[in-house]
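Breakdown of the fold
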Amino acid sequence: MVKSQLNLTYALKDGIITSISNVESGLKCGCVCPACDMPLVAKKGEKMMHHFAHHAGHNCEYGYESSLHLAAKDILSKAKKIVIPPVYVKFPDSYKKDELVCEEREINIDRVELEKRYNDIIPDIVIFAGGRQFFVEIFVTHCIDDVKLEKLKKANISTIEIDLSKKNETITTEELTELLLSNSNEKKWKYNVIAQSYLQKFYKVSDKRKLVSRGFAVHVDNCPIKSRVWKGKPYANFMDDCLYCEYCILSKKDDEMLCSGRLRIASIADFDIPENQRIRESDKRFDDLKENAFIEGICPNCGGKLVERQSRYGTFWGCSNYPHCRFTASPDPQTGEIKMKA
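Definitions and cut-offs
Residues numbered from 1 in each chain as written. Predicted model: local features only at pLDDT ≥ 70, side-chain atom pairs only at ≥ 80, totals over all residues. Heavy atoms only, no water. Helix = DSSP H or I, 4+ residues; strand = E, 2+ residues; numbered from the N terminus. Rg over C-alpha atoms; globule rule 2.2 N^0.38 Å. Buried < 20%, exposed > 50% of the residue type's maximum accessible area, 1.4 Å probe, protein only. Contact = heavy atoms within 4.5 Å. Areas by Shrake-Rupley, 256 points an atom, 1.4 Å probe, with all protein chains shown as cover. Pairing = 2+ DSSP bridges. Axes fitted to C-alpha atoms, helices over the stretch in contact; angles between N-to-C directions. Salt bridge = Lys/Arg side-chain N within 4 Å of Asp/Glu carboxyl O. pLDDT = per-residue confidence, 0-100. Disulfide = S-S within 2.5 Å. 1 Å grid on protein atoms, 1.4 Å probe; cavity = no way out; pocket = protein on both sides within 12 Å on 5 of 7 lines; lining within 4 Å. Points joined across faces, edges and corners; volume = space filled by probe spheres on them. Nonpolar A, V, L, I, M, F, W, Y, C, P; charged D, E, K, R; others polar. Parallel < 35°, antiparallel > 145°, perpendicular 65-115°, else oblique. Left-handed = near helix turned anticlockwise from the far one by under 90°. Right-handed = clockwise from strand over helix to strand, strands pointing away.

Regarding its fold elements, the protein chain presents six helices and 24 strands. Taken against the 2.2 N^0.38 rule, which gives 20 Å for 342 residues, the C-alpha radius of gyration of the protein chain at 30 Å runs more than 25% over that of a compact globule. Referenced to the eigenvectors of the C-alpha coordinate spread, the extents of the protein chain come out at roughly 105 × 40 × 35 Å. Buried positions account for 43% of the 342 residues belonging to the protein chain. A fraction of 49% describes how many contacts in the protein chain between residues 6 or more apart in sequence connect residues 24 or more apart. As displayed, the protein chain has an accessible area near 20,100 Å², and 50% of this comes from carbon and sulfur atoms.

The antiparallel open sheet is built from four strands, whose spatial order is β15-β16-β18-β17. Looking at strand neighbours, the two that pair on one side only are β15 (212-214) and β17 (228-230), the edges of this open sheet. Pairs of neighbouring strands in the sheet enclose a mean axial angle of 45°, with direction left out of account. By the bridge criterion, three bridges tie strand β16 (residues 217-221) to strand β18 (residues 233-237) in an arrangement that is antiparallel. Along β18, the bridge assignment pairs D221 with Y235.

A word on the sheet that holds strand β9 (residues 111-114). If you walk across this open sheet you meet the five strands as β9-β10-β11-β12-β13, and the pairing is mixed. Strands at the two margins of the open sheet, each flanked by one partner only, are β9 and β13 (187-191). Here the average twist between neighbouring strands, direction ignored, is 30°. Across the face of the sheet, helix α2 (residues 146-155) comes into contact with β11 (132-139), β12 (159-163) and β13 while running at roughly 70° to β13.

Moving on, we get to the pattern of salt bridges. Side chains that carry opposite charge are capable of pairing whenever their charged atoms lie near each other. Overall, the coordinates contain 16 salt bridges when judged by the stated rule. The salt bridge involving R111 is made with E113; its shortest N-O contact spans 3.2 Å. Close ionic contact of R209 with D207 constitutes a salt bridge, the shortest N to O distance being 3.8 Å.

Moving on, we get to the confidence of the model for the protein chain. In this model, the protein chain carries an average pLDDT of 85, and 92% of its residues clear a pLDDT of 70 or more. In this model, residues 1-6 is a region of pLDDT below 50 whose contacts with residues beyond four sequence positions or in other chains number 20 contacts.

The next subject is the state of the cysteines. Scanning the model with the defined rule gives zero disulfides in all. We note that C33 lacks a disulfide partner, and the nearest cysteine sulfur, in C36, lies 3.7 Å from it. A relative accessible area of 1% means that C33 is categorised as buried.

Throughout the structure, instances matching the rule amount to one cavity of 30 Å³ or more. The calculated volume of the largest cavity comes to roughly 110 Å³. Taken together, 15 residues form the lining of the largest cavity, with C223, P224, C242, C245 and C259 sitting closest to its centre. The set of elements that each furnish at least two residues to the lining of the largest cavity consists of α5 (238-242) and β20 (256-259). For the lining of the largest cavity, a count of residues per class yields 11 nonpolar, two polar and two charged.

Moving on, we come to the pairing of strand β14 (residues 207-210). Here β14 shows one buried face, formed by D207 and R209, and one open face, formed by K208 and K210. In this structure, β14 lies alongside β20, joined through four bridges in antiparallel fashion. Residue pairing across strands places K208 opposite L258, the latter belonging to β20.

Relative to each other, helix α1 (residues 63-79) and helix α3 (residues 173-181) sit at 60°, their axes nearing to 10 Å. The orientation of α1 relative to α3 falls into the category oblique. Crossing of α1 against α3: the hand is right-handed. Residues L68, A71, A72, I75, L76 and A79 of α1 lie in contact with α3, whose contacting residues are T173, L176, T177, L180 and L181. Taken together, the residues of the contact of α1 with α3 sort by class into nine nonpolar, two polar and no charged.

On to the layout of surface pockets. Empty space within the largest pocket amounts to approximately 620 Å³. Taken together, 23 residues form the lining of the largest pocket, with Y88, K90, W189, K190 and Y191 sitting closest to its centre. When contributions to the lining of the largest pocket are tallied by element, the ones reaching two or more residues are β6 (87-89), α2, β13 and α4 (193-204). Taken together, the residues of the lining of the largest pocket sort by class into 12 nonpolar, five polar and six charged.

Our focus in this paragraph is the pairing of β11. With respect to burial, β11 is a largely interior element, six of its eight residues being buried. Here strand β10 (residues 125-129) runs beside β11; their pairing, made up of five bridges, is antiparallel. Opposite I127, over in β11, you have F134 as the bridge partner. Where β10 hands over to β11, the hairpin turn is made up of two residues, of which G130 adopts a positive phi near 60°. Where β11 and β12 come together, five bridges link them in parallel fashion. The residue of β12 that forms the bridge with E137 is E161. Read from β11 through α2 to β12, the crossover connection turns out right-handed.

What follows is the structure, given as structure tokens:
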């Protein structure tokens, strides 16, 4: 059985979405193009795939894309369900990994509307589910550009984009149904209200910290996790310590960065953990990391190489970057326990 291509297989008849399979052949179909409103001819021969064509060879740039919108609405309205993609918090201008808010899941649909205007936005499809609404944009030739994305953010309406640009005009009704109702890499959130609210929570608990140039290095003073210490004062090397730190929420903006280290908020789960517990567990984790670094012969203060040295008090380990780094470690004469000092 040959599948029919979704090449204008949906049209409008008396203002109602109509499939090519439900109309008579030729002009008797009484259908018009959903994009240009011009008459269509239903071509239903035995040797060709059934589809609509514009009467008298009229060329319509958006006919196929509008037909996709009609098809998607028809599929979703009948199925009353859709699989929505996973929601992630993304951190712009940062190397911080995306935070998963919720996995992809199937939701029930209350109703579907097509190209309904919301202020100065006309989404392809509006889905109402569970007392909420979100947009679905079908990308065939034009994706959601920066201008439209800003409008969506301002309206604060979650929007999914379905990328069909690589399929050209070869997607079938069956493929579109599978894409809408199942898992798909072509479906992604371009904007999500919940993800945005979590991003703002990360920003709210973060501190602005100045980037200080010292010679060829850029430092951040008063590092809350004491990445490095100089003369008893904690600091961090921006390039080596901050950029990939789990507490670096915003890497750089106007010679500042956003750091959530003071409150030890690295993940969404941290918002539900009491502050004293977060700090205690974080300090222990970083102490363990420093101890492991020491065992491997790496200076836990600056990442340099540890060198065995002698003093009048006996053997100790010091950093090869001395005098810039004054880290030392020596065994306690009573217990043999290693004591590290920055």
